[in-house]
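Read off the chains here:
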Amino acid sequence: MDSTGTDPTTALTERLLQAQLGAFELYALYLGERLGLYRALADSGPATSAELAARTGTVERYVREWLEHQAVSGLVTVDDAGADPLDRRYALPPEYVPVLVDREDVRYGGYVGVDIVRAGRPLPQLVEAFRHGGAPPRLPWEPEGRADVNRALFRNLLGTQWLPSITPVDQRLRELPSARVADLACGSGWSSIAMAMAYPEITVTGLDLDEDVIEQANRNAAAEGVGDRVEFIVADAADPGLAGRFDLVTIFEALHDMPRPVEALSAARALLAAGGSVVIADERAEDGFAVPGTPRDRHNYGWSLVSCLPSVMSDPQTEATGAVLRPAAVKRFAAAAGFATVEVLPIDTDFWWFYRLLP
């Protein structure tokens, strides 16, 4: 027995059962997000399984099972649980809409199911990587694409709270001549777009090595009306043709995914014009390894194990950082890349540390 009088074996069995229930909820979340089931309930109101299937172009029997699962899990309500299965009407509680439907809300979590399913796809290949080294093959863009995990955060907070709190950066982005920004590992472009929308004088160049996400980023910029000031290109930041051109270089939640972070930071430093700086946001790991770990470190280690570390292990010179990127490591990488100053910025979030690097 432990100090609470609980048998450890029984406690572990219960823990695994709860983890299994959580996994099934995330798989159901994936289905609800991919098929538009949550959105159809939110937009058009309560529905029977047949009505929801008709709204979403899906098969009633599958939808009925999904609705019943969601109801017993407490994610949707049902007007009469004792009614005939085909007569039951289900509704999405309005307080769940920000989490399950509204992609513009910072509380949106519908992407989590997509992330978890994509993380699980290469697990058999990851077993072989554990045995023989290297990394699982890169996931294709299809079938679901990457989730826009940080879209709402960038759109709501990056240009309205986070960057304005960094006074020298904020001032330069508001000044003339217009500041030039390079957004490294920009992904589908929401950080670049958010900066351009918040600072109407700047121009932003988003760089990524993934052609698929660059195509999507350009579509996103055009849809948001900033395509004239934001360009996305497939390019390596180390391209000498880009050197010395930018007043600000940003790296948002990407440094830990770079196999050679010192080289990446060296390239970022070379991009800077006189007086420029680099701003990084990356995982808010604890200061040091401790057992038992905090929920934050457990979360970071989980993603590191199945996704972030494997993504860099194919490079024979990899630093093999993983998602548990502690401030001491960022400072070490920055010093090796030639930066004179590393500031850990007092930006309060539950998930990232922010850093400002000066040459």
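**Student:** Got a sec to walk through the nonpolar core? Specific residues and values, please.
**Tutor:** Judged by nonpolar contacts, the single largest core of 34 residues is most densely connected at L173 and F354. Taken together, the elements giving at least two residues each to this core come down to helix 8 (151-162), helix 9 (167-174), helix 10 (190-198), helix 11 (211-223), strand 5 (230-234), strand 6 (246-252), strand 7 (272-283) and strand 9 (352-358). Dropping the residues within four chain positions of it, F354 is found in contact with W162, F252, V279, I280, A281, E343, V344, L345, I347 and T349. One finds A182, L207, F339 and W353 within the second-largest nonpolar core, a separate group that totals 30 residues.

**Student:** Account for the state of the cysteines, naming residues and giving values.
**Tutor:** Under the counting rule described, the total for this entry stands at 0 disulfides. In this model C308 remains outside any disulfide bridge; the closest cysteine sulfur is found in C186, 18 Å from its own.

**Student:** Outline unusual backbone geometry, supporting the account with residue identities and numerical values.
**Tutor:** Going from L176 to P177, the amide bond is cis rather than trans, its omega being 0 degrees. Looking at where P177 falls in the secondary structure, it is placed in the loop between helix 9 and strand 3 (180-184). Backbone geometry at A185 places phi at a positive 55 degrees, although glycine is not the residue there. Within the secondary structure, A185 sits in the loop between strand 3 and helix 10. Backbone geometry at E253 places phi at a positive 45 degrees, although glycine is not the residue there. By relative accessible area, which is 24% here, E253 ends up partly exposed.

**Student:** Let's hear about the packing of helix 1 (residues 8-34) against helix 6 (residues 111-120): which residues, and what values?
**Tutor:** Where helix 1 meets helix 6, the closest approach of the two axes is 7 Å, and the angle between their N-to-C directions is 115 degrees. Our pair here, helix 1 against helix 6, has a crossing hand that is left-handed. Here helix 1 contributes L26, Y27, L29, Y30, E33 and R34 to the contact with helix 6, which in turn contributes V112, G113, V114, I116 and V117. Among the residues making up the contact of helix 1 with helix 6, the classes are represented as 8 nonpolar, 1 polar and 2 charged.

**Student:** Break down the packing of helix 2 (residues 37-44) against helix 3 (residues 49-56) for me, with residues and values.
**Tutor:** Viewed as axis vectors pointing N to C, helix 2 and helix 3 meet at an angle of 105 degrees, and their least axial separation amounts to 10 Å. The pairing of helix 2 with helix 3 is recorded here as roughly perpendicular in orientation. Counted together, L37, A40, L41 and S44 of helix 2 and L52, R55 and T56 of helix 3 form the full contact between these two elements. Its residues placed into classes, the contact of helix 2 with helix 3 shows 4 nonpolar, 2 polar and 1 charged.

**Student:** Now, about the packing of aromatic side chains: what can you tell me, with residues and values included?
**Tutor:** According to the stated counting rule, one finds 10 aromatic pairs in the structure shown. Ring plane angle 65 degrees and centroid distance 5.6 Å describe the contact between W162 and W352, whose orientation is recorded as edge-to-face. Of this pair, W162 sits in helix 8 while W352 sits in strand 9; the two residues are 190 residues apart in sequence, bridging distant segments of the chain. Across the pair, W352 and W162 agree in class, each one buried. Cluster of aromatic residues (ring-pair linked, three or more members): F154, W162, F252, F351, W352 and F354. Cation over ring: R151 sits above W190, and NZ or CZ is 4.4 Å from the ring centre. If you follow R284 out to its NZ or CZ, it ends over the ring of W353, 3.8 Å from the centre.

Conventions we followed
- Residues numbered from 1 in each chain as written.
- Predicted model: local features only at pLDDT ≥ 70, side-chain atom pairs only at ≥ 80, totals over all residues.
- Heavy atoms only, no water.
- Core = buried A, V, L, I, M, F, W, Y, C linked by side-chain atoms within 4.5 Å.
- Buried < 20%, exposed > 50% of the residue type's maximum accessible area, 1.4 Å probe, protein only.
- Helix = DSSP H or I, 4+ residues; strand = E, 2+ residues; numbered from the N terminus.
- Contact = heavy atoms within 4.5 Å.
- Disulfide = S-S within 2.5 Å.
- Axes fitted to C-alpha atoms, helices over the stretch in contact; angles between N-to-C directions.
- Left-handed = near helix turned anticlockwise from the far one by under 90°.
- Nonpolar A, V, L, I, M, F, W, Y, C, P; charged D, E, K, R; others polar.
- Parallel < 35°, antiparallel > 145°, perpendicular 65-115°, else oblique.
- Phe/Tyr/Trp six-rings, centres within 6.5 Å; stacked < 30°, edge-to-face > 60°.
- Lys NZ or Arg CZ within 6 Å of the ring centre and 35° of its normal.

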